[in-house]
Amino acid sequence: MTSTERIRRKKWLRQAEGYLELIMSFDDRWPLSPSERTKLADAAIERLDCIAHEMKLQSHDLFLRGQAFRLSGRFDQAISCLNQSLEMKSDNVPGYLALGWCHKRTGHLDLAIDALESALELDGEGSIIHYNLACYWSLSNQPHLATFHLTAALDLNPDFRELIANEPDFDPIRTHPEFVAATKVVA
């Protein structure tokens, strides 16, 4: 790759990352409408397409492409890109998290759990991994596994406790004795 190609590639990557950052940074306080999210995601994909037209996509490029599809609700396309990215670079914890997130939304909890188990092998201290596994095991009606991972998540990051009451993923096990014991606040 020539220095000019490297510069162009870097420019397009930064632009794509910028569009994705715009989508994610507004999510908490000022969520974008689906059409706004899609417009920004498409702009990111267009920048990544510029790279694809001139050179081979790398793992990070495919990860960003997968994120753009995920953030715009095109989960099957996201899964394809994320799988390709992980085939190239299998130690990408955020890639497995995004893949699990997409599999959950396409109704494949078994694949979502598999993706997060792969992430857990890479980062056993990842509180978000444990929290999401707790959600997925709850939706699979496995209260023991759900509470095991929820307890691990809370041990690693007590701030997750604030999310539990409003997390619909825990509805299937909310009254289960293990879940009640795990979420009880000790005074």
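Just so we're clear, the structure is a prediction, and the values are computed from it rather than from any experiment.

Rules used in this analysis
Numbers given to residues run from 1 along each chain, matching the order in which its sequence is written. At least 70 in pLDDT is required for a residue's local features to be given in this predicted model, at least 80 for side-chain atom pairs to be given and counted, and no such filter applies to totals for whole chains, interfaces and linings, which use all residues. In computing side-chain values, all of the structure's heavy atoms are included and hydrogens and water are not. Only runs of H or I of at least four residues qualify as helices and only runs of E of at least two qualify as strands under DSSP, and these elements are numbered from the N terminus. Here a residue-residue contact requires only that any non-hydrogen atoms of the pair lie within 4.5 Å. A cavity here means a set of points on a 1 Å grid, drawn over the protein atoms and nothing else, where a 1.4 Å probe fits but cannot get out; a pocket is an open set with protein on both sides within 12 Å along at least five of seven lines, and a residue lines either one if it has an atom within 4 Å of a point. Grid points are joined across faces, edges and corners, and a volume is the space filled by probe spheres set on the points. Gly counts as polar in this scheme, as do all residues outside two lists: the nonpolar Ala, Val, Leu, Ile, Met, Phe, Trp, Tyr, Cys and Pro, and the charged Asp, Glu, Lys and Arg. Working definition: a disulfide is two cysteine sulfur atoms within 2.5 Å of each other. Among buried residues, the Ala, Val, Leu, Ile, Met, Phe, Trp, Tyr and Cys ones that are joined through side-chain atoms within 4.5 Å form a nonpolar core. Partly exposed describes any residue whose relative accessible area lies between the buried limit of under 20% and the exposed limit of over 50%, with all areas from a 1.4 Å probe on protein chains only and scaled to the type maximum. The span expected for a helix works out to 1.5 Å for each residue beyond the first.

(A) Spotlight on the side chain of S127. Note that S127 resides in helix α7 (residues 127-139). Ignoring any residue separated from it by four or fewer positions in sequence, one finds S127 in contact with A153, L156, N157 and F160.

(B) Representation of the layout of surface pockets within the structure. Roughly 840 Å³ of internal volume is contained in the largest pocket. Looking at the largest pocket, it is lined by 25 residues, and the ones nearest its centre are R70, W101, R105, I128 and N132. Elements with a minimum of two residues in the lining of the largest pocket: α3 (59-71), α5 (93-105) and α7. At 6 residues, the largest contribution of residues to the lining of the largest pocket is made by α5. Considered class by class, the residues forming the lining of the largest pocket number 14 nonpolar, 3 polar and 8 charged.

(C) Broad picture of the state of the cysteines. Taken as a whole, this structure holds 0 disulfides when the rule is applied. The closest cysteine sulfur to the non-disulfide-bonded C81 is located on C102, 9.8 Å from its own sulfur.

(D) Looking closely at the environment of L154. By the element assignment, L154 lies in helix α8 (residues 143-156). In this structure the C-alpha to C-alpha distance between L154 and E17, which are 137 residues apart in sequence, comes to 31 Å.

(E) Quick peek at the nonpolar core. Of all hydrophobic cores here, the largest spans 54 residues; its most connected members are I129, L150 and F170. Counting residues per element, the ones that place at least two in this core are α1 (3-26), α2 (34-54), α3, α4 (75-88), α5, α6 (109-122), α7 and α8. Broken down by element, the residue count for this core peaks at 7 residues, all from α7.

(F) The arrangement of α4 in detail. Helix length check: α4 (14 residues) gives 20 Å between terminal C-alpha atoms against 20 Å at 1.5 Å per residue, within 8%. Within α4, burial applies to F75, A78, I79, C81, L82, S85 and L86. Taken together, the buried residues of α4 touch α3 and α5.

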